[in-house]
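Architecture and fold: a report
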Amino acid sequence: MHVNIKSLRFVAGLALVASTFAHAQATFPNKTITMIVPFAAGGPTDTVARLVAQSMSKTLNQQVIVENVGGAGGTIGAARVAKAEPDGHTVFLHHIGQSTAPTLYRKLSYNAIDSFEPIGLVTDVPMTIVARKDFPAKDFKELISYIKANKNKVSYANAGVGSASHLCGMLFQSAIDTEVTTVPYKGTGPAMNDLLGGQVDFMCDQTTNTTSQIKSGKIKAYAVTTKSKVPSLPDLPTANEAGLPNFEIAVWHGMYAPKGTPKPAIDKLANALQIALKDSTVKQRFAELGTEPVAENRATPEALRSHLKAEIDKWSPIIKKAGVYAD
Ligand code: ASP
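Each chain has its residues counted from 1, following the order in which its sequence is written. Only residues with pLDDT of at least 70 are given local features in this predicted model, and only at 80 or more are side-chain atom pairs given and counted; all residues enter the totals for whole chains, interfaces and linings. Hydrogens and water molecules were not included; the side-chain quantities draw on all heavy atoms of the structure.

This part covers the site of the ligand. Residues are counted as near a molecule or strand when any one of their heavy atoms sits within 4 Å of it. Close to the ligand lie Phe39, Pro44, Thr45, His95, Ala159, Ser163, Ala164, Ser165, Gly187, Thr188, Asp205 and Gln206, which account for all nearby residues. What qualifies as a polar contact is a pair of N or O atoms within 3.5 Å, subject to a donor-acceptor requirement within protein and to the restriction that residues adjacent in sequence count only when both atoms come from side chains. In this structure, an oxygen atom belonging to the ligand sits 2.8 Å away from a main-chain N or O atom of Ala164. For the ligand, a nitrogen atom lies 2.8 Å from a polar atom in the side chain of Asp205. When the free accessible area of the ligand is taken as 270 Å², the share hidden by the protein chains comes to 100%. Areas reported as accessible are Shrake-Rupley estimates using a 1.4 Å probe. Residue values count occlusion only from the protein chains shown.

This part covers the state of the cysteines. Disulfides are defined as cysteine sulfur pairs within 2.5 Å. For the structure on display, the rule yields one disulfide. Here Cys168 is linked by a disulfide to Cys204, with a sulfur-sulfur distance of 2.0 Å. Judged by the torsion about the S-S bond (75°), the Cys168/Cys204 disulfide is right-handed. Of this pair, Cys168 sits in helix H6 (residues 164–175) while Cys204 sits in strand S7 (residues 202–206), and the two are 36 residues apart along the sequence. Strands are runs of DSSP state E lasting at least two residues, helices are runs of H or I lasting at least four, and both sets are numbered from the N terminus onward.

What follows is about the pattern of salt bridges. In what follows, salt bridge is the name for a side-chain nitrogen of Lys or Arg lying within 4 Å of a carboxyl oxygen of Asp or Glu. One pass over the structure, following the stated rule, counts twelve salt bridges. Salt-bridge contacts for Asp134 lead to Arg132; the nearest nitrogen and oxygen are separated by 2.9 Å. Burial status follows relative accessibility: with a 1.4 Å probe on protein chains alone, a residue under 20% of its type maximum counts as buried, one over 50% as exposed, and anything between as partly exposed. Taking the relative accessible area as the measure of exposure, Asp134 reaches 57% and is therefore exposed. Overall, the relative accessible area of 16% leaves Arg132 in the buried class. Lys263 is the partner of Asp267 in a salt bridge, and the nearest nitrogen-oxygen pair spans 2.9 Å. Here Asp267 pairs with Lys263, and both are found in helix H9 (residues 263–276), just four residues apart, close to one helical turn.

Turning our attention to the packing of aromatic side chains. Given two aromatic rings, one states the distance between the centres and the angle between the planes to describe the pair. Centre distance within 6.5 Å is the pairing criterion for rings of Phe, Tyr and Trp, where only the six-membered ring of Trp is used; planes under 30 degrees apart are then read as stacked, over 60 as edge-to-face, and the remainder as tilted. Using the criterion set out here, one finds nine aromatic pairs in the structure. Aromatic pair Phe172 and Phe202: ring centres 6.0 Å apart, planes at 65°, arrangement edge-to-face. Pair noted here: Phe172 is in helix H6 and Phe202 is in strand S7, with a separation of 30 residues, a long-range link. Phe202 carries the same exposure label as Phe172, and that label is buried. Linked through ring pairs, Phe140, Tyr156, Phe172, Phe202 and Phe247 together constitute an aromatic cluster.

Purely geometric numbers; function is a separate question.
What follows is the structure, encoded as structure tokens:
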């Protein structure tokens, strides 16, 4: 029998690549995992990410560190993840913005669905409409009439086009048929600092960023944006109750990896996420911040994949109707 040395070498080479790959996956994770948060440190997405990352570090027996890549409503961080090495050592914690950016941006360097591997949903966080401490309006009705009467003076903080605060602000302004000046930040962490300092008038942001400031009286709160009240903020009416019917938004968060990340790594990450969401420290802190982890069957790749698609379909006509676009 004639054996071709070249093809033997080729087959041996392939086998080596396959076994190295299998070994890399069997030993995954074998170095620090970077969790990209597409907003500034100290904000609500960052807060959720750090709590989850801490618990995942224990399960995976490797450090999971958070890196903040803020700007352009989360799209700069998303673009970074889309280009990262798909070996499981880069993960991405983003929110509802992953579903609104494809309609809001005329051009994106990535595809919100095809450039990522879903890992699982994390949490659904209510939003609150808040203002600087000395804002003149005493309740939600007054807030609306004050904004309408002073639209040229009032400023609204958000985390850029594509952020949850942008989406909430867009829905709010459209609901009250009034446009105000918007001040964009790299995340609502720095936006909150300016709200506390009185440099900006009001914003709509997740309870994971506003609860402690509301409770300590450092900012004024007017309403929550969910259907039901938030147990940790019992005095706050829903926007619906306070006079803005059908005004509802909750910020879902999901975890992804770059497209092409091997399934064994995705499975290990999803498992670590599910364990994190049952961790008593995470649960307790989430509750204090007005939210709770998703049920285990939603912290899965399949659930996030279908949720993301459904959310893109949900927001696309609403954004198109509002006519808001970014380049
Ligand atoms: N809450 C911000 C948003 O508007 C993002 C953040 O800073 O986490 O999307």
